[in-house]
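Each chain, written out:
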Amino acid sequence: MLTVVLSGLRDRWASFLGGFVALALGVGLLATMGLGLSATSHAPERSPQRFASSPVVVQGQDRLTLDVRRGPRTVPVELRLDRPQPVDGRVLRELRARWTVTTTGGPDAVGVDAPAAEVRALVGDRARVLTGSERTRVDPDPERDARALVTLGALLGTSGGVTTFVSVFVVASTFAFAVALRRREFGLLRTAGATPGQIRRLLLAEAAVLGVLASATGCALGALGAPLLARALVDGGLAPAWFTIGEASWPFHTAFWTGVTVALAGAVAASRRAGKVGPTAALREADVDADVLPLGRAVLGTVLLLAGLGLLVWTCATEPSALLKRKTYTTLPMLLITGVALLSPLLVRPVARLLRSRGAVGTLVRENSAAAVRRTAAVAAPVLVTVALAGTLFGSATSVTRAKEAESREQTAAQYVARGEGLREPAAPDGAVLSATGATSVFVRDGAEAVVKYGARAVADPAAFAELARLPVVAGDLRDLDDRSIVVNEEFERHRVGETVELWRADGSGPVRLRVAAVLALGTGDNGPYVTPANAPGAALDRIDARGGGAATVRALEASGGTVSSGHRPSEGNPQNRLGMILVLGIALVYTVIGLANTLLMATSVRGGELASLRLAGATRAQILRVVTGEAALAVAIGAGLGLVVTGVVLGALGAGLAALSAPVVLALPWMVTGAAAGACATVAVASAALPAWRLTR
């Protein structure tokens, strides 16, 4: 058996080249992403900055600790405060009475030149005592490294998931089509006495050998590519400057065995189909495909399609805000894409028949595409994956960004806006209305099982705020906001006007009970809550909206220390998210190119007899080339059309979700991105079909 397998691989190396390259590249990318993920597991140890010369730091409470229920037990949970509490005055006096105390950067922490054990014994549970690397917790933005690693880990995890998804799809498609082209060979083997089990084992052995060789090659590529990826992520601003690849070995093991598993999984379905080939297949010459959609593939495709549609509808109905999150619109469409791709052979023939072109070339393109369903579907499916990913990723991201812009534009009646940290509220000029707000946060219980931290806004003048704001109020009145009330949105557990909300302030003080003055629609996620400065300790002004007063108002806003703009400022989006989507789409496009080239090179190379018959029938070489390239272009067009249908379904669900959130419905189909992806696929497909056809018709 092994001799037959190795001989087959040697003799048909060209037909296995595409699968080998795709699998090796997939394993290489998985190893690269795994090495990157392993490097995000920990941030580098930074030296303390604020109290570098103090061996011990005493910090005021910087976390809110509350008890929540976990099953039958009650456990404490900690949430980080925006503004740590100052060190208790009594503790500070006791420390100064015994040791040298250093103060810098604010009252939330002090440095102490004393033994750590003695300081802990003195302080007890009245404050936190930090030593060693823990002293960095009082430095400016101590969690910046952790946030950067979380974002980077999400990007690499998504890219690795897309790599696995597309590589399985391309490898399985390659094996399935290769088996379809070898029907006569399997028929001859059956005629010679081979059993169906032997045919299946032959194909699985070929897949195993191919998987081992490609996985080993991919691991070597991953070792070379990981440092390049780290450098590209740093240069693109997706990773902090200190990010480097570590020496973890688990990514290589994971990638290698994933590659072997993918190769075997891709060959399982094809081997079962090959085992059903009878001896009479050796006599077949017709290129008309029959039974192109086996029962198992039909069932799986239908289940995935219905599951994708069902999850979209369920998410839209129960949690529409989830549709606006990148994790959702990156992963959820994959179910739809896979389902439509598996069912694509059912759609190829009727769609191909829609082509209405006069002349012999157009007729042959239409009829050949409709007859050779497997070949057409094998070309259309990877194009579908790429176009659908491009449309859903970029379309969803652009639609969410534009919806937020439209919502922001609709929610203010201000002519001028000053933005910046630590603004000084100016006096309102004659005829002007000024509304100053600042960022804060509140902590609210969500039942007995969780505590939620909400980003909130502190409103200095509720009357002026109500005059300038155009918030989506569904109940109550913004003018009723005072020091004993709060404006909430519909996400709050208690969101009826007059109800009482128990919360803790940004510095951990509380609990306080505030009456609901008004309720806002949830929107895209930035609607409320709103409180007054009395419930936002330490909140600094960062925005001043103004209307009226003309040039005097502009001068007053400029004197506040911020950057003044006229009304709404368009959102620039997140360039890091865009670079991440380009990376994901690039992976899919590379795989699609490999799959298209491999499929069409194999398919066209075995059509020598058919093309020779056309020449004998009077077709010129140019006409034959137009027929072959036309078939490739039509298959790409079918795949692109199906991809646009999937994109339309996903964007339609997103639009319904925005409407359910009372947010502006602004949908954007990224024609440029999807057109570029489809154009690249068409170029590769036409070239891959034309080259072997040109050689065969010499």
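A brief look at the structure comes next. Worth saying up front: this structure is predicted, and the values here are computed from it rather than measured. (Residues numbered from 1 in each chain as written. Predicted model: local features only at pLDDT ≥ 70, side-chain atom pairs only at ≥ 80, totals over all residues. Heavy atoms only, no water.)

1. Let's talk about the overall build of the protein chain
- The number of helices and strands found in the protein chain is 20 helices and 16 strands.
- In the protein chain, which comprises 698 residues, the share counted as buried stands at 49%.
- Across the protein chain, contacts joining residues at least 24 apart in sequence account for 80% of those joining residues at least 6 apart.
- Entry remark: accessible area of the protein chain is about 31400 Å², with carbon and sulfur atoms responsible for 59%. (Helix = DSSP H or I, 4+ residues; strand = E, 2+ residues; numbered from the N terminus. Buried < 20%, exposed > 50% of the residue type's maximum accessible area, 1.4 Å probe, protein only. Contact = heavy atoms within 4.5 Å. Areas by Shrake-Rupley, 256 points an atom, 1.4 Å probe, with all protein chains shown as cover.)

2. Here we look at the sheet that holds strand β4 (residues 100-102)
- Taken together, four strands build an open sheet; the order of strands is β4-β5-β1-β6 and the sheet is antiparallel. Strands with a single pairing partner mark the edges of an open sheet, and in this sheet they are β4 and β6 (128-131). Across the sheet, the mean angle from the axis of one strand to that of its neighbour is 30 degrees, orientation sign disregarded.
- Note that strand β1 (residues 56-59) and β6 share four bridges and pair antiparallel. Counted as the bridge partner of Gln 59 is Arg 128 from β6.
- Packed onto the sheet, helix α4 (residues 116-123) meets β1, β5 (109-113) and β6 and runs at close to 170 degrees relative to β6. (Pairing = 2+ DSSP bridges. Axes fitted to C-alpha atoms, helices over the stretch in contact; angles between N-to-C directions.)

3. Focus on the packing of helix α12 (residues 344-353) against helix α19 (residues 621-660)
- At a minimum axis separation of 11 Å, α12 and α19 run at an interaxial angle of 115 degrees. With respect to the hand of their crossing, α12 and α19 are arranged in right-handed fashion. Here Ser 344, Leu 347, Val 348, Val 351 and Ala 352 of α12 come into contact with α19, specifically with Leu 634, Ile 638 and Leu 642.
- Its residues placed into classes, the contact of α12 with α19 shows seven nonpolar, one polar and no charged. (Left-handed = near helix turned anticlockwise from the far one by under 90°. Nonpolar A, V, L, I, M, F, W, Y, C, P; charged D, E, K, R; others polar.)

4. Brief notes about the pattern of salt bridges
- For the coordinates displayed, the defined rule picks out 18 salt bridges.
- Note that Arg 126 and Glu 94 form a salt bridge whose closest N and O atoms lie 2.9 Å from each other. Of this pair, Arg 126 sits in the loop between α4 and β6 while Glu 94 sits in helix α3 (residues 89-98), and the two are 32 residues apart along the sequence.
- Exposure remark for Glu 94: the relative accessible area of 22% places this residue in the partly exposed category.
- Here the salt bridges do not stand alone but share partners, grouping Asp 62, Arg 63, Glu 78, Arg 80, Arg 128 and Arg 137 into one network. (Salt bridge = Lys/Arg side-chain N within 4 Å of Asp/Glu carboxyl O.)

5. Digging into the packing of aromatic side chains
- Inspection of the entire model under this criterion finds three aromatic pairs.
- Pairing Tyr 454 with Phe 492 gives two aromatic rings, centres 4.3 Å apart and planes at 20 degrees, and the pair type is stacked. Of this pair, Tyr 454 sits in strand β9 (residues 450-459) while Phe 492 sits in the loop between β11 (485-489) and β12 (500-504), and the two are 38 residues apart along the sequence. An identical accessibility class is assigned to Tyr 454 and Phe 492; each is buried.
- Geometrically, the ring pair formed by Phe 465 and Tyr 530 is tilted, given 5.0 Å between the ring centres and 45 degrees between the ring planes. On the criterion of sequence distance, the pair formed by Phe 465 in helix α15 (residues 462-468) and Tyr 530 in strand β14 (residues 530-531) is long-range, its members being 65 residues apart. Taken individually, Phe 465 and Tyr 530 each receive the classification buried, so the pair is uniform in this respect. (Phe/Tyr/Trp six-rings, centres within 6.5 Å; stacked < 30°, edge-to-face > 60°.)

6. A look at a negative patch on the surface
- Where like charges cluster on the molecular surface, the negative patch consists of Glu 319, Asp 446, Glu 449, Glu 491 and Glu 493.
- Relative to the elements of secondary structure, Glu 319 occurs in the loop between α9 (295-318) and α10 (326-331). (Patch = residues over 30% accessible without salt bridge, like charges linked within 9 Å, V, L, I, M, F, W, Y side chains within 5 Å. Lys, Arg positive; Asp, Glu negative; His and termini not counted. Charge placed at Lys NZ, Arg CZ, Asp CG, Glu CD.)

7. Observations regarding α3
- Within the span of α3, buried status applies to Val 91, Leu 92 and Leu 95. Projected down its long axis, α3 shows its buried positions confined to an angular sector of 100 degrees, all on one face. Of the residues in α3, the exposed ones pointing more than 90 degrees away from the buried face are Arg 90, Arg 93 and Ala 97.
- In this structure, the buried residues of α3 make contact with β1, β4, β5 and α4.
- A side-chain oxygen of the first residue of α3 lies 3.1 Å from the backbone nitrogen of Arg 90; this N-cap is Asp 88. (Arc of directions from axis to C-beta. Polar contact = N/O pair within 3.5 Å; in protein donor to acceptor, adjacent residues only side chain to side chain.)

8. Here we look at the nonpolar core
- Core analysis: the largest hydrophobic core is formed by 65 residues, its most contacted members being Val 166, Leu 233 and Val 646.
- Residues contacting Val 646, with those up to four places away along its chain left out, are Leu 336, Ile 337, Val 340, Leu 384 and Ala 388.
- Within the second largest apolar cluster, 19 residues are counted, among which are Val 383, Leu 611, Val 636 and Cys 681. (Core = buried A, V, L, I, M, F, W, Y, C linked by side-chain atoms within 4.5 Å.)

9. With respect to the packing of α12 against helix α14 (residues 373-410)
- Contact geometry for α12 and α14: axes closest at 9 Å, N-to-C directions at 110 degrees. Considering the angle they form, α12 stands roughly perpendicular to α14. Of the residues in α14, those touching α12 at Ser 344, Pro 345, Val 348 and Arg 349 are Val 373, Thr 376 and Ala 377.
- When grouped by side-chain class, the residues that make up the contact of α12 with α14 number four nonpolar, two polar and one charged. (Parallel < 35°, antiparallel > 145°, perpendicular 65-115°, else oblique.)

10. Some details on the side chain of Thr 328
- By the element assignment, Thr 328 lies in helix α10.
- We classify Thr 328 as buried; its relative accessible area is 18%.
- Among the polar contacts made by the side chain of Thr 328, one reaches the main-chain carbonyl oxygen of Ala 322 at a distance of 2.8 Å.

11. Re the side chain of Glu 407
- Tracing the chain through its elements places Glu 407 in helix α14.
- Salt bridges are absent for the buried Glu 407, whose nearest opposite-charge side chain, Lys 404, sits at 7.7 Å.
- Once residues within four sequence positions are removed from consideration, Glu 407 is found in contact with Gly 523, Thr 524, Asn 527, Ala 663 and Pro 664.

12. A short note on α12
- Among the residues of α12, Ser 344, Pro 345, Val 348 and Ala 352 are the ones counted as buried. Down the axis of α12, the sector holding all buried residues measures 90 degrees, keeping them to one side.
- In this fold, the buried residues of α12 make contact with α9, α11 (333-342), α13 (360-371), α14 and α19.

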